[in-house]
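Coordinate analysis (summary)
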Amino acid sequence: SSKRAIPTFDSDDEESDAPGSPVYASSGGDDEEVDDDDLDDDDEEEVVVRRPSRKKKDTKRKRASTGGGSASKKASSAKKKQVSKAAKPDPKIELLDPAIYAERTEESKPWCRYCGAVESSGWSRSPWGPRMLCIVHYVDWHQKKTLDLKPFGKEAPALPIRPDLNTQFKYLAWKKEKDERQREAGEDEQALRAVREAEAAEEQ
């Protein structure tokens, strides 16, 4: 029940505002006059005090101490990627038959004049003309500026300059892994669809 002001009477009537006027003692704030009906015991009001929950504060403190849930997940996923990359060695580079390059040149099929790759995710321009660099060495030459092709002349080479850096084997390994992941994802989706269809049939 809430605390109510208890009327007290000042002994000196001259100092009071009116003869017999009550002076209300309260716990603080401005004094207010209360009617006699308001002082009835049956009209006591219940005051419910709600304290803020500490659960949210504790959660925020926990996130602050651990660096946040999303940040920790990103760090763990990045760590897993680093481990997976370190565990998989680069595929072995094999030297291709030089006759392949002559055939592809006659048929106007692209191949990288720098590394000799005949398979790539894309082909781009070079100092000798269009579609004569694989995407990896185009980035090194044109964007990163880490590959200098000026010393090799203005005419397109008939054979690759650095066949030991052929990028097609790494690309093919990546493509194979990607196809396997897509195949597994498709199989999982088909299995899940079959389960849902079976559950729907049972409900009917």
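The residue count restarts for each chain, going from 1 along the sequence in the order it is written. The model is predicted, so local features are restricted to residues of pLDDT at least 70 and side-chain atom pairs to those at 80 or more, both for listing and for counting; the totals for chains, interfaces and linings are taken over all residues. The basis for every side-chain value is the complete set of non-hydrogen atoms in the structure, without hydrogens or water.

**A word on the overall build of the protein chain**
Summing up its helical and strand segments, the protein chain has five helices and four strands in all. Think of it in three bands: residues with accessible area under 20% of the maximum for their type are buried, residues over 50% are exposed, and the middle band is partly exposed, with areas taken using a 1.4 Å probe on protein chains only. Burial status across the protein chain gives 19% buried among its 204 residues. Contacts: residue pairs with any heavy atoms within 4.5 Å of one another. A fraction of 49% describes how many contacts in the protein chain between residues 6 or more apart in sequence connect residues 24 or more apart. We count a stretch as a helix when DSSP gives it H or I for four or more residues in a row; a strand needs E for two or more, and each element gets its number in order from the N terminus.

**Concerning helix H5 (residues 168-203)**
An α-helical turn contains 3.6 residues, so a residue and the one three or four places further along point in the same direction. Along its 36 residues, H5 runs 52 Å from first to last C-alpha, staying within 8% of the 52 Å computed at 1.5 Å per residue. Every buried residue of H5 is accounted for by Gln 168, Phe 169 and Tyr 171. Between the first and last residue of a helix there are one fewer steps than residues, each counted as 1.5 Å, and that sum is the expected span.

**A word on a negative patch on the surface**
A residue counts toward a patch only above 30% relative accessible area and without a salt bridge, and it is joined to like-charged neighbours within 9 Å or, for Val, Leu, Ile, Met, Phe, Trp and Tyr, to nonpolar neighbours within 5 Å. Areas reported here follow the Shrake-Rupley algorithm with a probe of radius 1.4 Å; residue values treat only the protein chains shown as occluding. Take a side-chain nitrogen of Lys or Arg and a carboxyl oxygen of Asp or Glu: if they are within 4 Å of each other, that pair is a salt bridge. All tallies of charge rest on Lys and Arg as positive and Asp and Glu as negative; His and the ends of each chain are not included. Working definition for charges: the position is that of NZ of Lys, CZ of Arg, CG of Asp or CD of Glu. Taken together, the side chains of Asp 179, Glu 180, Glu 184 and Asp 188 make up a negatively charged region of the molecular surface. With respect to the helices and strands, the residue Glu 180 is situated in helix H5.

**What about the nonpolar core?**
By convention a nonpolar core is built from buried Ala, Val, Leu, Ile, Met, Phe, Trp, Tyr and Cys residues, the set being connected through side-chain atoms within 4.5 Å. Residues Cys 112, Tyr 114, Cys 115, Leu 133, Trp 141 and Leu 149 are the most contacted members of the largest nonpolar core, which totals 13 residues. Of all the secondary structure elements, the ones that give two or more residues to this core are strand S4 (129-134) and helix H4 (135-143). Looking at this core, the element that brings in the most residues is S4, giving three residues.

**Considerations on the confidence of the model for the protein chain**
Averaged over every residue, the pLDDT of the protein chain is 74; the share at 70 or more is 57%. Think of pLDDT as the predictor's per-residue confidence, scored from 0 to 100. Throughout residues 9-34 the model reports pLDDT below 50, and contacts reaching past four residues in sequence, or to other chains, amount to 22 contacts. This stretch, residues 38-45, has a pLDDT under 50; its non-local contacts, to residues over four places away or in other chains, come to ten contacts.

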